[in-house]
Amino acid sequence: QVQLVESGGGLVQAGGSLRLSCAASGIPFSINDMGWHRQAPGKQRESVALISSAGNTDYADSVKGRFTISRDNAKNMLYLQMNNLKPEDTAVYYCKARWIGVRLYEYWGQGTQVTVSS
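With that settled, the discussion passes to the sheet that holds strand E3 (residues 18–25). Hydrogen bonds between backbone groups are what pair the strands of a sheet, and the pairing can be parallel or antiparallel. One open sheet holds the four strands; their spatial order is E1-E3-E8-E7, and the pairing between them is antiparallel. One side of each edge strand has no neighbouring strand; the edge strands of this open sheet are strand E1 (3–7) and strand E7 (67–72). This sheet shows a mean twist of 15° between the axes of neighbouring strands, independent of strand direction.

In this structure the tally under the stated criterion is one disulfide. Each sulfur of the disulfide joining cysteine 22 and cysteine 95 lies 2.1 Å from the other. When the S-S torsion is -75°, as for the bridge of cysteine 22 with cysteine 95, the disulfide is left-handed. In this pair, cysteine 22 sits in strand E3 while cysteine 95 sits in strand E9 (residues 91–100), placing the two residues 73 residues apart along the sequence. The pair formed by cysteine 22 and cysteine 95 is uniform in burial state, with each residue classed as buried.

Here serine 21 lies in strand E3. According to the relative accessible area criterion, serine 21 is buried, its value standing at 14%. Excluding residues within four positions of it along the chain, serine 21 makes contact with Val5, Glu6, Ser7, Trp36, Met77, Leu78 and Tyr79.

According to the stated counting rule, one finds six salt bridges in the structure shown. Across the pair arginine 66 and aspartate 89 runs a salt bridge whose closest N-O atoms are separated by 2.7 Å. Here aspartate 89 lies in the loop between strand E8 (77–82) and E9 and arginine 66 lies in the loop between strand E6 (57–59) and E7, a separation of 23 residues in the sequence. Take arginine 66 and aspartate 89: they sit in the same class, and that class is buried. Glutamate 106 is paired through a salt bridge with lysine 96; the nearest N and O atoms lie 3.3 Å apart. Residue glutamate 106 is found in strand E10 (residues 104–108), and its partner lysine 96 is found in strand E9; the two are separated by 10 residues along the sequence.

The next point concerns the environment of asparagine 84. Its location among the elements puts asparagine 84 in the loop between E8 and E9. Overall, the relative accessible area of 42% leaves asparagine 84 in the partly exposed class. For the pair asparagine 84 and valine 63, spaced 21 residues apart in the sequence, the C-alpha separation amounts to 9.6 Å. Discounting chain neighbours no more than four positions away, the residues touching asparagine 84 are Gly15, Gly16, Ser17, Arg66 and Asp89.

This next bit is on the nonpolar core. Ranked by internal contacts, the top residues of the largest apolar core, which has 31 residues, are Trp36, Leu78, Leu80, Met82 and Tyr93. Going through the elements one at a time, E3, strand E4 (33–39), strand E5 (46–51), E7, E8, E9 and strand E11 (112–117) are the ones with two or more residues in this core. Among the elements that line this core, the one with the most residues is E9, at five residues. Setting aside its immediate chain neighbours within four residues, leucine 80 contacts Leu18, Arg19, Leu20, Trp36, Val48, Ala49, Phe67, Thr68, Ile69 and Tyr93.

What follows covers the pairing of E8. In terms of residue burial, E8 counts as a mostly covered element, since five of its six residues are buried. For E3 and E8, the ladder comprises six bridges, and the chain directions are antiparallel. Looking across to E8, one finds that serine 21 is bridged to tyrosine 79. Here E7 runs beside E8; their pairing, made up of six bridges, is antiparallel. Paired with aspartate 72 across the bridge in E8 is methionine 77. The hairpin turn running from E7 into E8, its antiparallel successor, is four residues long, and asparagine 76 in that turn takes a positive phi close to 55°.

How each quantity is defined
- Residues numbered from 1 in each chain as written.
- Predicted model: local features only at pLDDT ≥ 70, side-chain atom pairs only at ≥ 80, totals over all residues.
- Heavy atoms only, no water.
- Pairing = 2+ DSSP bridges.
- Helix = DSSP H or I, 4+ residues; strand = E, 2+ residues; numbered from the N terminus.
- Axes fitted to C-alpha atoms, helices over the stretch in contact; angles between N-to-C directions.
- Disulfide = S-S within 2.5 Å.
- Buried < 20%, exposed > 50% of the residue type's maximum accessible area, 1.4 Å probe, protein only.
- Contact = heavy atoms within 4.5 Å.
- Salt bridge = Lys/Arg side-chain N within 4 Å of Asp/Glu carboxyl O.
- Core = buried A, V, L, I, M, F, W, Y, C linked by side-chain atoms within 4.5 Å.

Dropping the structure here:
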């Protein structure tokens, strides 16, 4: 059974930091491309940060220089370090796993709420 479990969300003041974690099980984690996505109220879900199985990273322009995505393949863990948070970062943050085997596999976590107060 595939599980992606996010943690680390919460309420923080603008300028503060949070570190999100995603614990993965039931998937071949090391060969997965992983990502963090977010969805604010009334808005579409958007990609925040991606890290490939090879460790290559990509960020949305809105978070470049403030967020850092990383992974620990030995622990099947994905992380998102968020610094200098802004009220517009308020959203539910989701972990996503993606790999191509005999078909495309995509899985989502249940999300963790991040609220940034001004």
